[in-house]
Amino acid sequence: MLAYVRKNISEVEYKTWLEPVKNLGVQEGSLVLGVRNSFAQEWFRKHYQELLEDALRSLGAQNPQVSFQVLPASQDALLLPSDPPPAPASPAGGRSAGTPPPAAGDNRKSLNPKYTFENFVVGPNNNLAHAAALAVAESPGRAYNPLFIYGDVGLGKTHLMHAVGHYIAERFPDKRIEYVSTETFTNELINAIREDKTTQFRNRYRSVDLLLVDDIQFLAGKERTQEEFFHTFNALYESHKQIILSSDRPPKDIQTLEGRLRSRFEWGLITDIQSPEFETRVAILKMNAEQGGINIPQDVLELVARQVTSNIRELEGALMRVVAFSSLNNVPFSRMVAAKALSNVFAPQEVKVEMIDVLRQVAAHYGLTPDVVRGSGRAREVVLPRQIAQYLIRDLTDHSLPEIGQFFGRDHSTVMHAINKVGDQIVKDAELREAVGTLRRAIQLEPDSDHLT
Ligand SMILES: Nc1ncnc2c1ncn2[C@@H]1O[C@H](COP(=O)(O)OP(=O)(O)OP(=O)(O)O)[C@@H](O)[C@H]1O
């Protein structure tokens with residue numbers, strides 16, 4: 001099952017979420033998988049249930065059912081994988097590789113449901129490619145044919161292609177849509193030749209209405225595949241079927257590509273996707289977080305966006321690491337948490353504790369929101385956390401009393417009173433001393449903290 005899943009998600013995702021899963025056996029017809037906490041349980045239900053059931057189906061299960069159970073703490077020894085970052089996904093990776101042709105009536109089978117226009121953030125780096133893809137989606141076979149999208153790894157070429165597929169599938173349920181990576185196309189051709197089934201192979205690809213071919217640069221040097229693709233291209237083009245191609249470079253830079261293919265690739269529109277700039281990266285992260293139903297503060301998203309600058313797949317993986325780290329350690333999102341979560345994957349970043357980090361941690365510890373702790377409530381359940389937050393801010397940051405006062409909407413003498421009071425009580429009250437110690441270590445992410453075992 002894991003091998004199946006691994007082929008369909010990014011390596012970072014696989015390592016962060018799937019690798020630590022425990023098989024708890026079959027109960028009442030359902031395969032039970034042990035996960036680390038209720039957050040992970042929810043995450044799995046939302047993001048991986050379907051994929052895992054597909055995996056079981058691929059192994060022959062008739063009516064696959066997967067459920068998730070939270071493991072007792074002792075079985076949950078593994079915190080986070082500390083492996084180095086995986087290499088960018090191979091061209092064979094992704095949901096597409098090896099996907100069988102769509103069954104009749106299901107013209108989206110080879111498309112990733114996440115890759116839609118709605119989920120695609122448009123920025124200056126990709127707006128031309130986006131506009132061209134949209135134009136093609138609206139008038140397939142007539143706007144630009146072929147549409148050739150090129151750009152570096154992980155910048156959204158596949159996403160855009162699939163978005164066109166979804167758009168067309170929605171409006172024309174009968175249209176046949178085929179998405180294939182060049183590697184799969186090549187392998188299928190090799191198999192067809194070996195099994196003497198080249199006619200079926202040709203019929204299949206020449207009868208589609210929309211052909212999406214990823215990583216076309218891998219045609220380089222493969223004469224027989226080029227030959228076959230040339231005829232497929234002609235057949236589709238002549239019958240006004242839409243073709244979209246992606247590549248990591250423009251046609252003119254694909255070495256050992258036959259001239260006749262190169263010129264055909266240049267018949268339509270060639271458009272590129274560049275690396276996203278900072279604001280687009282933040283917007284992509286924000287959308288990802290919202291889709292996962294997770295509320296992540298802007299400053300944390302910005303830190304992640306600063307850390308990963310080129311590959312969006314890696315950017316998403318980085319965010320997932322931060323989410324996992326925060327959840328598994330039971331610490332609220334902060335820039336420090338993000339920096340720590342990413343430190344063994346990317347270049348470590350020095351992050352100073354800010355007032356807001358202390359406030360968030362103290363609020364989370366007492367089950368309150370930061371606004372309530374900072375607010376005007378006078379109940380003891382709120383006043384004590386507020387005083388502790390002020391005490392810890394004084395202790396862990398360089399802010400002056402007036403600055404802390406301003407942060408809490410109070411004057412500096414109130415803050416001083418709070419700090420003195422907590423300081424006095426800590427000496428007498430062991431429980432308070434322990435709470436403050438735990439909070440201090442959690443804020444500084446010290447490994448010996450109760451939270452960070
Ligand atoms: N503009 C965007 N808005 C939202 N998500 C994006 C955007 N661009 C890329 N992504 C996401 O980034 C990830 C990588 O994108 P995709 O697989 O389309 O890249 P690619 O350019 O085809 O990469 P490769 O060259 O490796 O095939 C996907 O999860 C995709 O949804």
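Since the model is a prediction, treat every value here as computed from it, not as a measurement. (Residues numbered from 1 in each chain as written. Predicted model: local features only at pLDDT ≥ 70, side-chain atom pairs only at ≥ 80, totals over all residues. Heavy atoms only, no water.)

1. Focus: the overall build of the protein
Working step 1: Secondary structure summary: the protein contains 20 helices and eight strands in total.
Working step 2: Per-residue burial over the protein gives 50% buried out of 453 residues.
Working step 3: A sequence separation of at least 24 residues applies to 70% of the contacts in the protein between residues at least 6 apart.
Working step 4: As displayed, the protein has an accessible area near 21300 Å², and 49% of this comes from carbon and sulfur atoms.
Working step 5: Between the mean site of the 50 positive side-chain charges and the mean site of the 56 negative ones, the protein shows a separation of 1 Å. (Helix = DSSP H or I, 4+ residues; strand = E, 2+ residues; numbered from the N terminus. Buried < 20%, exposed > 50% of the residue type's maximum accessible area, 1.4 Å probe, protein only. Contact = heavy atoms within 4.5 Å. Areas by Shrake-Rupley, 256 points an atom, 1.4 Å probe, with all protein chains shown as cover. Lys, Arg positive; Asp, Glu negative; His and termini not counted. Charge placed at Lys NZ, Arg CZ, Asp CG, Glu CD.)

2. Section: the pairing of strand β7 (residues 242–247)
A regular strand carries its side chains on alternate faces of the sheet.
Working step 1: Most of β7 is tucked away: six of the six residues are buried.
Working step 2: Both faces of β7 are covered, namely the face carrying Q242, I244 and S246 and the face carrying I243, L245 and S247.
Working step 3: Where strand β4 (residues 147–151) lies against β7, four bridges are found, and the strand directions are parallel. In the sheet register, F148 faces β7, and the bridge partner there is L245.
Working step 4: Across four bridges, the pairing between strand β6 (residues 210–214) and β7 is parallel. If you follow L212 over to β7, its bridge partner there is I244.
Working step 5: As for the winding sense of the linkage, the β-α-β connection from β6 through helix α9 (residues 223–238) to β7 is right-handed. (Pairing = 2+ DSSP bridges. Right-handed = clockwise from strand over helix to strand, strands pointing away.)

3. Details of unusual backbone geometry
Working step 1: Backbone torsion omega between N145 and P146 reads -5°, so that peptide bond is classified as cis.
Working step 2: With respect to the helices, strands and loops of the structure, P146 is situated in the loop between α5 (127–138) and β4.
Working step 3: The backbone phi angle of H240 is positive, close to 55°, even though this residue is not glycine.
Working step 4: Mapped onto the fold, H240 is located in the loop between α9 and β7.
Working step 5: Residue classification places H240 among the exposed positions, given a relative accessible area of 59%.
Working step 6: Although it is not a glycine, T256 sits at a positive phi angle of roughly 45°.
Working step 7: For T256, the position within the fold is in the loop between β7 and α10 (259–265).
Working step 8: Of the residues examined, T256 reaches a relative accessible area of 57% and is grouped as exposed.

4. What about the sheet that holds β6?
Working step 1: One open sheet holds the five strands; their spatial order is β5-β6-β7-β4-β8, and the pairing between them is parallel. For this open sheet the edge positions go to β5 (177–181) and β8 (269–273), each flanked by a neighbour on one side alone. Strand-to-strand twist of the sheet, defined as the mean angle between neighbouring strand axes without regard to direction, takes the value 15°.
Working step 2: Of the strand pairs in this sheet, β4 and β8 are connected by five bridges, and their pairing is parallel. Looking at β8, one finds that Y150 is bridged to D272.
Working step 3: Here helix α6 (residues 157–171) sits on the sheet in contact with β4, β5, β6, β7 and β8, set at roughly 165° to β6. (Axes fitted to C-alpha atoms, helices over the stretch in contact; angles between N-to-C directions.)

5. Focus on the packing of helix α15 (residues 355–365) against helix α18 (residues 401–408)
Working step 1: One way to put it is that α15 packs onto α18 with a least axis distance of 11 Å and a crossing angle of 55°. Between α15 and α18, the angle falls in the class oblique. In this structure, α15 crosses over α18, and the sense of that crossing is right-handed. Contacts between α15 and α18 involve M355, I356 and L359 from the first element and E403, I404, F407 and F408 from the second.
Working step 2: When grouped by side-chain class, the residues that make up the contact of α15 with α18 number six nonpolar, no polar and one charged. (Parallel < 35°, antiparallel > 145°, perpendicular 65-115°, else oblique. Left-handed = near helix turned anticlockwise from the far one by under 90°. Nonpolar A, V, L, I, M, F, W, Y, C, P; charged D, E, K, R; others polar.)

6. Structural notes on the confidence of the model for the protein
Working step 1: When pLDDT is averaged across the protein, the result is 87; 91% of the residues are at 70 or more.
Working step 2: Within the model, pLDDT remains below 50 along residues 74–105, and this stretch shows 58 contacts once partners closer than five positions in the same chain are excluded.
Working step 3: Segment residues 448–453 is flagged for pLDDT under 50; beyond a separation of four residues in sequence, or across chains, it makes 22 contacts in the model.
Working step 4: Both scores are given for the predicted complex: the pTM is 0.70, the ipTM 0.98. (pLDDT = per-residue confidence, 0-100.)

7. Quick look at the sheet that holds strand β1 (residues 22–27)
Working step 1: Sheet architecture is open: three strands sit in the order β1-β2-β3, paired in mixed fashion. With partners counted over all chains shown, the strands left at the sheet margins are β1 and β3 (66–70), one partner each. Within this sheet the neighbouring strands show an average axis-to-axis angle of 30°, counted without direction.
Working step 2: Pairing of β1 with strand β2 (residues 30–35), which is carried by four bridges, proceeds in the antiparallel orientation. Bridge pairing links N23 to L33 in β2.
Working step 3: Packed onto the sheet, helix α3 (residues 38–47) meets β2 and β3 and runs at close to 170° relative to β3.
Working step 4: Packed onto the sheet, helix α4 (residues 49–58) meets β2 and β3 and runs at close to 125° relative to β3.

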